[in-house]
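# A structural walkthrough
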Amino acid sequence: MVSESKSSYLRSVLESIPAYKPGQKVVGPHGRSIKLSSNESPLGPLPSVREAITRAAADLNRYPDPGASELTSALARRLDVPEEHIGLGAGSVGLLQQLLEAVGEPGAEIVYAWRSFEAYPLLVGLSGATSVQVPLKDETHDLDAIAEAITESTRMVLVCNPNNPTGTSLREEELVAFLDRVPEDVLVILDEAYREYVRDPEVPDGISLYRDRPNVAVLRTFSKAYGLAAVRLGFLVGHPHVTGAVRKTLVPFAVNHLAQAAGIASLQAEEELLERVEDTVKERGRVREALIASGWTVPPTEANFVWLRAGEDTLDFADACAKEGVSVRPFPGEGARVSLGTPEENDVFLSVATSYDKRR
């Protein structure tokens, strides 16, 4: 009989790192289950994308193109950047892990706002680097404080724009001023997973900022607006020394054949797909206005979710939603992030949120 005990061959850092907790699914009255906890698109891939995936499935006995050359070329044309400025990964999370494998080691510091994307501290810890968390100010990045937190040990700064989970965004003037303050030997990653939902013209497109800044790179994903969360596909736009590093740290064949086919087809159907994104943007305005009218404080959001600062009532509010078959993403003691679903799904959520007693 083998006894269960702590294994000395495992890294000690694992004891202090909790497992990533994905958004949960709940079941309410009459089997109703509305998942608004993972920032997913409520709609699946477009018909042409599904057809491309079906065709690609005929070749599942073959390894995928390790360089994803066709997808890389399509992205380069779409973004008007050189092909060598494109790096791919299994979602933007996979690319972030690749980046941290390239820069992270004991003694290195990674600076980012907090609260921000919940995978940041987990992946930084696994890389062996140290997280330097800078508190949000008015639900958004405090860029002055982040700049001041940079030291000689800082290797990378993560800027989530729009920020997850608050949905708030940085404007071009303040972001450019911040980038000008960052030392050239510190890599800045603009995490733009929700870029397709941005409608504020003052929120910059990171692709326009990276071009003359060798220490700036941009993360994007097909998981959200493109409705491809299941196939795991993300991309990085940066200068060759950065994209070259993430290619070296990519697990061979991690960008699978179905993901490559789906990405190419999605870019070809982009005009039709972005029409659906516009529907989500309209729902975003409707949901936020209804929440504010009922007494909630909801910061402006440029993503596909809203943020409710519920404080100590957060878990109670999430439970109230769950009882009606609606799952939201609670951050205990802070607030709840609620993804936008279909109009019908959003109406069910609003019926709970607008009647919830916030004075307790």
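Before reading on, note that the structure itself is shown above.
Let me begin by describing the structure that accompanies this report. Since the structure is predicted, the reported quantities are computational estimates derived from the model, not experimental observations.

## Considering the overall build of the protein chain
A tally of regular secondary structure across the protein chain gives twelve helices and twelve strands. In terms of overall size, the protein chain behaves like a compact globule, its C-alpha atoms giving a radius of gyration of 21 Å where 360 residues would be expected to give roughly 21 Å. Residues classed as buried in the protein chain amount to 54% of the 360 residues present. Taking as baseline every contact in the protein chain between residues at least 6 positions apart, the subset at least 24 positions apart corresponds to 73%. A total accessible area of about 17,000 Å² is found for the protein chain, and carbon and sulfur atoms account for 51% of it.

## Regarding the sheet that holds strand 12 (residues 335-339)
In space, the three strands of this open sheet follow the order 9-12-11, with antiparallel pairing throughout. Each edge of the sheet is formed by a strand with only one pairing partner; in this case those strands are strand 9 (305-308) and strand 11 (329-331). For this sheet the average axis-to-axis angle between neighbouring strands, irrespective of direction, equals 20°. Against the sheet, helix 11 (residues 314-323) makes contact with strand 9, strand 11 and strand 12, and its axis sits at roughly 165° relative to strand 11, the strand it touches most.

## With respect to the pattern of salt bridges
Tallied over the full model, the rule gives 19 salt bridges. Between E324 and R32 there is a salt bridge; the shortest N-O distance is 3.0 Å. Placement of E324 in the loop between helix 11 and strand 10 (326-327) and of R32 in the segment before strand 1 (34-35) is noted, with a sequence separation of 292 residues between them. The class for R32 is partly exposed, based on a relative accessible area of 30%.

## Focus on the nonpolar core
Within the largest apolar cluster, 59 residues are counted, with the highest numbers of intra-cluster contacts made by V157, F178 and V237. Not counting residues within four places of it along the chain, the set of residues in contact with V157 comprises V111, I146, I150, F178, V186, L187, V188 and I189. Among the nonpolar cores identified, the runner-up in size contains 24 residues, and L99, C160, L187 and A217 belong to it.

## Thoughts on the side chain of N161
For N161, the position within the fold is in the loop between strand 5 (154-160) and helix 6 (172-181). A polar contact is formed between the side chain of N161 and the backbone nitrogen of L170, at a distance of 2.7 Å. Not counting chain neighbours up to four residues away, the residues in contact with N161 comprise T168, S169, L170, L175, D191, E192, V203 and P204.

## What to know about the sheet that holds strand 8 (residues 234-237)
Taken together, seven strands build an open sheet; the order of strands is 2-8-7-6-5-3-4 and the sheet is mixed. Lying at the two open borders of the sheet, with one neighbouring strand each, are strand 2 (86-89) and strand 4 (130-135). Between one strand axis and the next, the sheet turns through 25° on average, direction left out of account. Of the strand pairs in this sheet, strand 6 (residues 187-191) and strand 7 (residues 216-221) are connected by four bridges, and their pairing is parallel. By the bridge assignment, L190 is partnered in strand 7 with V218. Docked against the sheet, helix 2 (residues 69-79) engages strand 2, strand 7 and strand 8, running at close to 130° with respect to strand 2. Along the sheet, helix 6 contacts strand 5, strand 6 and strand 7; its crossing angle with strand 5, the most-contacted strand, is approximately 175°.

## Some remarks on helix 8 (residues 240-249)
When helix 8 is considered as a whole, its buried residues turn out to be V242, T243, G244, V246 and T249. Elements that come into contact with the buried residues of helix 8 comprise strand 2, helix 3 (91-103), strand 6, strand 7 and strand 8.

## Describing the packing of helix 10 (residues 270-293) against helix 12 (residues 343-353)
Interaxial distance between helix 10 and helix 12 falls to 10 Å at its minimum, and their mutual angle equals 10°. Taken together, the axes of helix 10 and helix 12 lie roughly parallel to each other. Crossing geometry of helix 10 relative to helix 12 is assigned as right-handed. Contact residues: helix 10 offers E283, R286, V287, A290 and L291, while helix 12 offers P343, N346, D347, F349, L350 and A353. Its residues assigned to classes, the contact of helix 10 with helix 12 shows seven nonpolar, one polar and three charged.

## Here we look at the environment of D80
With respect to the secondary-structure elements, D80 resides in the loop between helix 2 and strand 2. Residue D80 is classed as exposed on the basis of its relative accessible area of 60%. A sequence separation of 127 residues divides D80 from I207, and the C-alpha atoms of the two residues are 9.3 Å apart.

## Topic: the pairing of strand 9
Burial of strand 9 is two-sided: the residues F305 and W307 facing one way and the residues V306 and L308 facing the other way are all buried. As paired elements, strand 9 and strand 12 share four bridges and run antiparallel to each other. Looking at the pairing, W307 lines up with R337 of strand 12.

## Let's talk about unusual backbone geometry
The step from W114 to R115 runs through a cis peptide bond, and the omega angle for that step is 20°. Position of R115 relative to the elements: it lies in the loop between strand 3 (109-114) and helix 4 (119-127). Note the cis peptide between N164 and P165, where omega equals 25°. Even without being a glycine, F253 presents a positive backbone phi close to 65°. Structurally, the position occupied by F253 is in the loop between helix 8 and helix 9 (257-268).

Parameters at a glance
Residues numbered from 1 in each chain as written. Predicted model: local features only at pLDDT ≥ 70, side-chain atom pairs only at ≥ 80, totals over all residues. Heavy atoms only, no water. Helix = DSSP H or I, 4+ residues; strand = E, 2+ residues; numbered from the N terminus. Rg over C-alpha atoms; globule rule 2.2 N^0.38 Å. Buried < 20%, exposed > 50% of the residue type's maximum accessible area, 1.4 Å probe, protein only. Contact = heavy atoms within 4.5 Å. Areas by Shrake-Rupley, 256 points an atom, 1.4 Å probe, with all protein chains shown as cover. Pairing = 2+ DSSP bridges. Axes fitted to C-alpha atoms, helices over the stretch in contact; angles between N-to-C directions. Salt bridge = Lys/Arg side-chain N within 4 Å of Asp/Glu carboxyl O. Core = buried A, V, L, I, M, F, W, Y, C linked by side-chain atoms within 4.5 Å. Polar contact = N/O pair within 3.5 Å; in protein donor to acceptor, adjacent residues only side chain to side chain. Parallel < 35°, antiparallel > 145°, perpendicular 65-115°, else oblique. Left-handed = near helix turned anticlockwise from the far one by under 90°. Nonpolar A, V, L, I, M, F, W, Y, C, P; charged D, E, K, R; others polar.

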